[in-house]
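One-letter residues, chain by chain:
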Amino acid sequence: MLRPSSLFKEEMMKRLGLDHGYQPLPKSREHLLKYQPKLEELPSRTMQDSFTSAIIPLSTNLLLQDRYVTYLGNVRMGRLLEDMDMFAAWSCHKHVVIPNLPANVPLPYTFVTILVDRIDFTDTLASGTADIRLSGHVSWVGTSSMEVVVWLEQMQNGSYQKLTRALFLMAARNATNTGAAPVNPIKPGNEEEQLILDGGMARKKQRQLLGAQSIFKVEPNDPEQTIMYELFKRTTPNDTMELNKRILPPNCRWMSHSYQMSTIPSFPEHRNHHNRVFGGFLMRCALEISWAAAVLYCRTRPKLDRIADISFEKPVSVDSFIKMTAYVVYTELNYLQIMTVAEVLDPHSGNQVTTNTFYYTFSASHTVTEVLPRSYHETMWYIQGRRKFKYSMGIEPHYE
């Protein structure tokens, strides 16, 4: 039996009119642009219309077990993120309906992942040998964007236990991925769906507000300025005025010594339907290097508690070299916040372009060594990591 993501991929290829086999220059879809509908031509849809559920049969499929299991018998969360991303794309396909599209014409759309917003994990320890159920549906739409809620459950002791829930923000693009495409509006089927829809609008407004308050766009606020000064005092000797002289307090580590890096060549097997690197593959690689950084930093196997958010800033071509660097940017008690940056390397020019940023919160069974910034640039990352941590823990308002 194939993975559900493979089955969804097969069905989406049929709907998009794509052929099997890798082609460096895929066939043109420009002829499909004339079939793109106007917004007023699209009928309303309910959340139930896009609802889907699928089983990952880990209890019976030994080949799948080998792909999903860790050496301790738990499940690889990176594999599940891959499935969730594909699942979110399939939910978009189920939501979009074009009444006037001729029966023999492929869907004149392209769906891409914009971001993944706050993934929370329960205390249920996921096994690598028990069935996992994916479920989800489109929960909010804009003119050309869709929010998809996806959750995972695993069969344990005769009933399904919740593992995680994620929100994917997807963009609908035209057939050639050169412009936005309209999507069907949502008509709530009941009061519960109305509440979900209202929540989607509230999250959109929050994302816009937080984006405007990014630490990389505006200066830190007053409490953060105080934190920065305290960091300066803690790491600067008081017996000398020597420039760039820094001291590391006891039981601390410099941020510049607290990272792990890997360079990954991408291949056509990692592509999506449009000859770009599949977002789920990037999420899996980023999570696994982040987990390695967390293990090596705290010298124990930490638990993945939350993913604050994942942004997809630029597409990645299938001939890319992808550098993944996972930095420990903030610690508090037994928690560590990791920021992982994905960059595409140009082997000819040596240029690097950041394509993705990922934020993870891990927890250890003991208090972890405190990480401290050494430069102003690292201090900005420290403040950013602190914001992401507080947001993911629900302690303070989040500033992106």
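Residues numbered from 1 in each chain as written. Predicted model: local features only at pLDDT ≥ 70, side-chain atom pairs only at ≥ 80, totals over all residues. Heavy atoms only, no water.

*Asks:* Could you give me a rundown of the overall build of the protein chain, with the residues and numbers involved?
*Replies:* The secondary structure content of the protein chain amounts to 8 helices and 12 strands. Counting over 400 residues, the protein chain shows a buried share of 52%. Relative to all contacts within the protein chain whose residues are 6 or more apart in sequence, the contacts with residues 24 or more apart total 74%. Accessible surface, the protein chain: about 19200 Å² in total, of which carbon and sulfur atoms supply 53%. Treating the 43 positive side-chain charges of the protein chain as one cloud and the 40 negative ones as another, the clouds have centres 2 Å apart. (Helix = DSSP H or I, 4+ residues; strand = E, 2+ residues; numbered from the N terminus. Buried < 20%, exposed > 50% of the residue type's maximum accessible area, 1.4 Å probe, protein only. Contact = heavy atoms within 4.5 Å. Areas by Shrake-Rupley, 256 points an atom, 1.4 Å probe, with all protein chains shown as cover. Lys, Arg positive; Asp, Glu negative; His and termini not counted. Charge placed at Lys NZ, Arg CZ, Asp CG, Glu CD.)

*Asks:* How would you explain the pairing of strand β9 (residues 321-332) if you had to name every residue and give the values?
*Replies:* Burial within β9 is extensive, with 10 of its 12 residues counted as buried. Two strands pair when backbone bridges link them, and strand β7 (residues 259-265) and β9 are joined in this way by 7 bridges, in the antiparallel orientation. Counted as the bridge partner of Ile-264 is Ile-322 from β9. Two strands pair when backbone bridges link them, and β9 and strand β10 (residues 335-345) are joined in this way by 11 bridges, in the antiparallel orientation. Paired with Ile-322 across the two strands is Val-344, which belongs to β10. The antiparallel hairpin formed by β9 and β10 contains 2 residues in its connecting segment, where Leu-333 sits at a positive phi of about 55 degrees. (Pairing = 2+ DSSP bridges.)

*Asks:* Now, about the nonpolar core: what can you tell me, with residues and values included?
*Replies:* Of all hydrophobic cores here, the largest spans 108 residues; its most connected members are Tyr-109, Met-146, Phe-168, Leu-282 and Met-324. Each residue touching Leu-282, except ones within four places of it in the same chain, is listed here: Val-277, Phe-312, Val-316, Ile-322, Met-324, Asn-356 and Phe-358. (Core = buried A, V, L, I, M, F, W, Y, C linked by side-chain atoms within 4.5 Å.)

*Asks:* Explain the packing of helix α6 (residues 222-235) against helix α8 (residues 376-393) to me, using residue names and the numbers behind them.
*Replies:* The contact between α6 and α8 brings their axes to 11 Å, and the two run at 130 degrees. Of the possible angle classes, the one that applies to α6 and α8 is oblique. Crossing hand, α6 versus α8: right-handed. Residue-level inspection shows Glu-224, Ile-227, Met-228 and Leu-231 of α6 in contact with α8, the latter providing Tyr-376, Thr-379, Met-380, Tyr-382, Ile-383, Arg-386 and Arg-387. Residue composition of the contact of α6 with α8, grouped by class: 7 nonpolar, 1 polar and 3 charged. (Axes fitted to C-alpha atoms, helices over the stretch in contact; angles between N-to-C directions. Parallel < 35°, antiparallel > 145°, perpendicular 65-115°, else oblique. Left-handed = near helix turned anticlockwise from the far one by under 90°. Nonpolar A, V, L, I, M, F, W, Y, C, P; charged D, E, K, R; others polar.)

*Asks:* Outline the side chain of Thr-357, listing residues and values.
*Replies:* Position of Thr-357 among the secondary structure elements: in strand β11 (residues 352-363). Residue Thr-357 is classed as buried on the basis of its relative accessible area of 12%. Beyond its immediate chain neighbours, meaning those up to four positions away, Thr-357 contacts Asp-309, Ile-310, Ser-311, Glu-313, Met-339 and Thr-340.

*Asks:* Describe the UniProt feature "domain: HotDog ACOT-type" (unreviewed entry) in the protein chain, listing the residues and the values that go with them.
*Replies:* Taking the UniProt record as the reference, the feature "domain: HotDog ACOT-type" (unreviewed entry) is found at residues 54-176 and 256-368. Annotated as residues 54-176, this span is 21% helix and 44% strand, and its ends, taken at the C-alpha atoms, are 30 Å apart. (UniProt positions renumbered as here; feature names shortened; annotations may be inferred.)

*Asks:* Give a detailed account of the packing of aromatic side chains, specifying residues and quantitative values.
*Replies:* Across all of its chains, the model carries 10 aromatic pairs by this definition. Each ring, one from Tyr-259 and one from Tyr-327, has its centre 5.8 Å from the other, and the planes form 35 degrees; the classification is tilted. A residue pair is termed long-range when its members are at least 10 positions apart, and Tyr-259 in strand β7 and Tyr-327 in strand β9 qualify at 68 residues. Judged by its relative accessible area of 39%, Tyr-259 falls in the partly exposed class. (Phe/Tyr/Trp six-rings, centres within 6.5 Å; stacked < 30°, edge-to-face > 60°.)

*Asks:* I'd love a proper account of unusual backbone geometry, names of residues and values included.
*Replies:* Even without being a glycine, Asn-157 presents a positive backbone phi close to 55 degrees. For Asn-157, a relative accessible area of 83% puts it in the exposed group.

*Asks:* Lay out the packing of helix α4 (residues 77-95) against helix α7 (residues 279-298) in plain terms, naming residues and giving numbers.
*Replies:* The interhelical angle for the contact between α4 and α7, taken along N-to-C directions, is 160 degrees, at an axis separation of 8 Å. The orientation of α4 with respect to α7, classified from their angle, is roughly antiparallel. The handedness of the crossing between α4 and α7 comes out as right-handed. The segment α4 lies against α7, with Met-77, Gly-78, Arg-79, Leu-81, Glu-82 and Asp-85 engaging Gly-279, Gly-280, Phe-281, Met-283, Arg-284 and Leu-287. Here the residues of the contact of α4 with α7 are counted per class, giving 5 nonpolar, 3 polar and 4 charged.

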